[in-house]
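Fold and contact review
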Amino acid sequence: MSGYELLARDLAACGRDGFTGELRVLGSPGGTFHLHGGLVVAVESPGAPAPEALLLRSGRIGGEEWAGLVRESGGARWPAAGLIAHGYAGAAQLRVVCAMALQDAVFAVVAGSVDGCERGPVTGPPPAAVAVGEPPTRLLQVASRKLRALLEQPYPVRPDRERPVPASLSYAAGRLGALQRDLLAHADGRCTARDLAFRTGRGVYTVTVEVARMLGEGLLECVDAPRPIHVRLPPDGHGIRPREPAPPPLRQPPASEAATLPRRRPGASGINEALTTEPNGTGTDTGTGTGWKEFFRLRNPTAR
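Residues numbered from 1 in each chain as written. Predicted model: local features only at pLDDT ≥ 70, side-chain atom pairs only at ≥ 80, totals over all residues. Heavy atoms only, no water.

Where a strand is regular, its side chains alternate between the two sheet faces. The pairing of strand β1 (residues 21–28) with strand β2 (residues 31–36) spans five bridges and is antiparallel. Note that in β2 the partner of Glu-22 across the bridge is His-34. (Pairing = 2+ DSSP bridges. Helix = DSSP H or I, 4+ residues; strand = E, 2+ residues; numbered from the N terminus.)

This part takes up the packing of aromatic side chains. Evaluation of the coordinates by the stated rule reveals two aromatic pairs. Measuring from ring centre to ring centre gives 5.0 Å for Phe-107 and Tyr-205, while their planes differ by 70°; the resulting arrangement is edge-to-face. Of this pair, Phe-107 sits in helix α5 (residues 91–111) while Tyr-205 sits in helix α9 (residues 204–217); the two residues are 98 residues apart in sequence, bridging distant segments of the chain. The aromatic ring of Phe-19 is capped on one face by Arg-119, whose charged end is 4.8 Å from the ring centroid. Above the plane of the ring of Tyr-205 lies Lys-146, whose end atom (NZ or CZ) is 5.0 Å from the centre. (Phe/Tyr/Trp six-rings, centres within 6.5 Å; stacked < 30°, edge-to-face > 60°. Lys NZ or Arg CZ within 6 Å of the ring centre and 35° of its normal.)

Our focus in this paragraph is the pattern of salt bridges. Under the definition given, this model contains 12 salt bridges. Among the ionic pairs, Glu-22 bridges to Arg-24, the shortest N-O distance being 3.6 Å. Look at Arg-24 and you get partly exposed, because its relative accessible area is 30%. Ionic pairing is found between Arg-213 and Glu-210, a salt bridge with its closest N-O pair at 3.9 Å. With Arg-213 and Glu-210 both in helix α9 and three residues apart, this pair spans about one turn of that helix. (Salt bridge = Lys/Arg side-chain N within 4 Å of Asp/Glu carboxyl O. Buried < 20%, exposed > 50% of the residue type's maximum accessible area, 1.4 Å probe, protein only.)

A separate point is the environment of Gly-18. Structurally, Gly-18 is set in the loop between α1 (3–17) and β1. Taking the C-alpha atoms as reference points, Gly-18 and Leu-39, separated by 21 residues in sequence, lie 7.5 Å from one another. Once residues lying within four places of it in the same chain are set aside, the contact partners of Gly-18 are Gly-37 and Gly-38. (Contact = heavy atoms within 4.5 Å.)

Let's shift gears to the nonpolar core. By size, the foremost hydrophobic cluster in this structure holds 60 residues, and its most contacted members are Leu-7, Phe-33, Trp-78, Val-106 and Val-211. For this core, the element with the highest residue contribution is α5, accounting for 12 residues. Phe-33 has contacts with Leu-7, Leu-11, Gly-21, Glu-22, Leu-23, Val-25, Val-40, Ala-42, Val-43, Val-106 and Val-109, leaving out every residue within four places of it along the chain. (Core = buried A, V, L, I, M, F, W, Y, C linked by side-chain atoms within 4.5 Å.)

Rendered as structure tokens:
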């Protein structure tokens, strides 16, 4: 079962059961469907700009004014009452913004990968909820048709795949729309269509479609993968080989105790020559051993 079929099955079950709560979609970018009585009232996804981003991009309210309304409302993520009371937007305009953000978030979830779905209880009021919920099956059908039409373009684009750059033709183009000028200003070869949607504060589906059109018109282009670097081989024809480690030093066997001690040689001390018998005056040996007698007398002076 594909990720889309898994999501369609679980959302259809939520509609049949009249489920009220959250359906968390696991995947990339994934998201959260907020349901009330089996109808979808809000969808959040990190792959699509939230309603406040779309409203700020319209220029009806600035960042400082928006922060003041959030503080005034006690930290509410969507201070609708304050927006209407201060005249920044009308009730009908806010309904349109919420519906656009909901549809765009569903498209971002469907265009990505779905790994699984988990039901959960209500954790708080859904941000920027629509007054009348949408049937989940119809939401998925609309998002699927958008994705199919996008992939049938001459230059099919995925929200998280291509990273375009301005083409040379774009610098000579005369009449460009506001969205085209914004995309040319932010396309740097590192941003996908989803990144460009956040930078320009527009819907991810709208930006992805426009990127596909601009690729077909030659205003944008996708840089090819970098060419491989050719490496010259040494003259011997062998490639670069890892350096072989030096052999470990040979370990000398420990010297034996007998080899470390000096060898004794007979007569090396000279005691024999010092204690030899002295010949008499006639040239004959008396054999009395006077040398040994002197030796013992030196060792024991009290001996007679």
